[in-house]
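Here's the letter readout for the chains.
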Amino acid sequence: MFAGGEGELTLTVRVRVSPEPDNGQAVLDLMRRYRDALNYSVRVIIANRALSLSKAHRLLYNDLKERYGLPSNIAVGCYREAIAIAKSWLRNPRRGNKPTARGLSMWLTHGLGYRVKGGYVELIGGYRLRIISYDRRYDDFPNREARLVFRDGEFTLYVFKRVPRPAKYAPKGVLAVDINERQIVVGNSSVEQRVETPIERALRYRRLAERLQGKYSSTRYNAWLRRSGIRRRVRYFYRKAKNIIEDWARRTSHTIISLAKQGQLAVAREDLTGLIESLRRLPKGHKSALLAFGYRRLAFWIDWQAEKNGVPLFVIEPAGTSSTCPRCGAELVEVGYRRLRCPRCGLEADRDSIAILNIERRALSQMGGSLTTPTAPQMTDVSPNRWGEPSAL
Ligand SMILES: [Zn+2]
């Protein structure tokens, strides 16, 4: 519902805020009422298939104002968000239980729901939050919708901005990215660089969470302990594992895109959809869940950073990238641990280097074989506001 225009990107500026001492509790109360109102609205919208603004307004607006005590503009933001959640749930063929928001997160429309003024964020209804820190790089672009989030005792306002989509340069070559469980290999026929994945480190936290969960589900501990304190601790470990991967995906993609930009190269990554699907079909386990998450986040960040920096991007069909000879196309044979050899032309290399060369070759052929007059690169369709998806669900 907040997608950017043709020539624009939507990005998010993170603003750390802190409520004025006398209205911290009031802001939290408002956010709790918003969450309850949101869950109520989602149920009503789904039950009545009220996916248009006018239908949702008719069914919900008065309730949200009167029963939940939301200021009118926040009530409008609330049913709009509920429509988006209901739509994506209805679209999902594998949908399970009806979606329920648990975290505290509130949509605000700019100008009506909130405004930024003199070092403060003011919410409609007279709430004031002091700005602690924020990224000023996009100050020249007007603020749009925003999301106020309360997590781990801190308030953060995510402000959406639209910035012009940078033009893409004509690439002088390709930087290929091969992704596997242990490492990311970045390179082409002349350079190669390897980055370890943090899967093992993240797994340690998930195992800690599991162990804790197992230990305290024993009846030796009283019900209160089993429910509250430990559950919070377990959730903390799960989140920690995800954060490790998210940080790594963001940093690694930044390195890749900077390298490409420096050399005026296009970035080519494999299409990971099939890989993620096959992980999903495995028996549920820590590792496959974390890996699927890691692959998705890395692909997301690479695509997004490429868009933001005007780096041409290719998404390559992965079939056979690590089993055919990048020089002559023959089927390779294994001659050692992750080591492959071409029976026809004699090329011998490590599995990951082979993949890099194949990805590079496929991207080059998509570019029309000519680097000086490249055809328009086949872009993946990056949804620019994937950051804006309701994260609390
Ligand atoms: Zn060969």
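In short, a report on the structure. Keep in mind it's a predicted model, so treat the numbers as computed, not measured.

Before going further, it helps to spend a moment on the coordination of the zinc ion. Within the protein, the zinc ion binds to Cys 325 (SG), Cys 328 (SG), Cys 342 (SG) and Cys 345 (SG); these donor distances fall in the range 2.2 to 2.3 Å. What the 4 donor atoms of the zinc ion show is an angle range of 100 to 121° at the metal, which sorts the shape as tetrahedral. When the donor residues of the zinc ion are listed from N- to C-terminus, their spacing reads C-x2-C-x13-C-x2-C. Of this pair, Cys 328 sits in the loop between strand E12 (313-316) and strand E13 (333-336) while Cys 342 sits in the loop between strand E14 (339-341) and strand E15 (348-350); the two residues are 14 residues apart in sequence, bridging distant segments of the chain.

Another point: the pairing of strand E4 (residues 120-123). Here E4 shows a buried face lined by Tyr 120 and Glu 122 and a second buried face lined by Val 121 and Leu 123. The pairing of strand E3 (residues 114-117) with E4 spans 4 bridges and is classified as antiparallel. Considered in E4, the bridge of Arg 115 is made with Glu 122. Count of turn residues in the E3/E4 antiparallel hairpin: 2 residues, of which Gly 118 carries a positive phi of about 50°.

Given 3.6 residues to a turn, an α-helix orients residues that are three or four positions apart in the same direction. Between its first and last C-alpha, helix H2 (residues 53-66) extends 19 Å over 14 residues, near the 20 Å set by a 1.5 Å rise per residue. Roughly 45° is the biggest bend found in H2, and it falls at Leu 60. Taken as a whole, H2 has its buried residues at Ala 56, Leu 60, Tyr 61 and Leu 64. Contact partners of the buried residues in H2: helix H1 (24-48) and helix H3 (72-91).

Parameters at a glance
- Residues numbered from 1 in each chain as written.
- Predicted model: local features only at pLDDT ≥ 70, side-chain atom pairs only at ≥ 80, totals over all residues.
- Heavy atoms only, no water.
- Donors = N, O, S within 2.8 Å, 3.2 Å for Na, K, Ca; no water.
- Tetrahedral: all angles 85-135°; square planar, octahedral: opposite > 155°, others 65-115°.
- Helix = DSSP H or I, 4+ residues; strand = E, 2+ residues; numbered from the N terminus.
- Buried < 20%, exposed > 50% of the residue type's maximum accessible area, 1.4 Å probe, protein only.
- Pairing = 2+ DSSP bridges.
- Expected span 1.5 Å × (residues − 1).
- Bend = angle between axes of the 7 residues up to and from the residue.
- Contact = heavy atoms within 4.5 Å.

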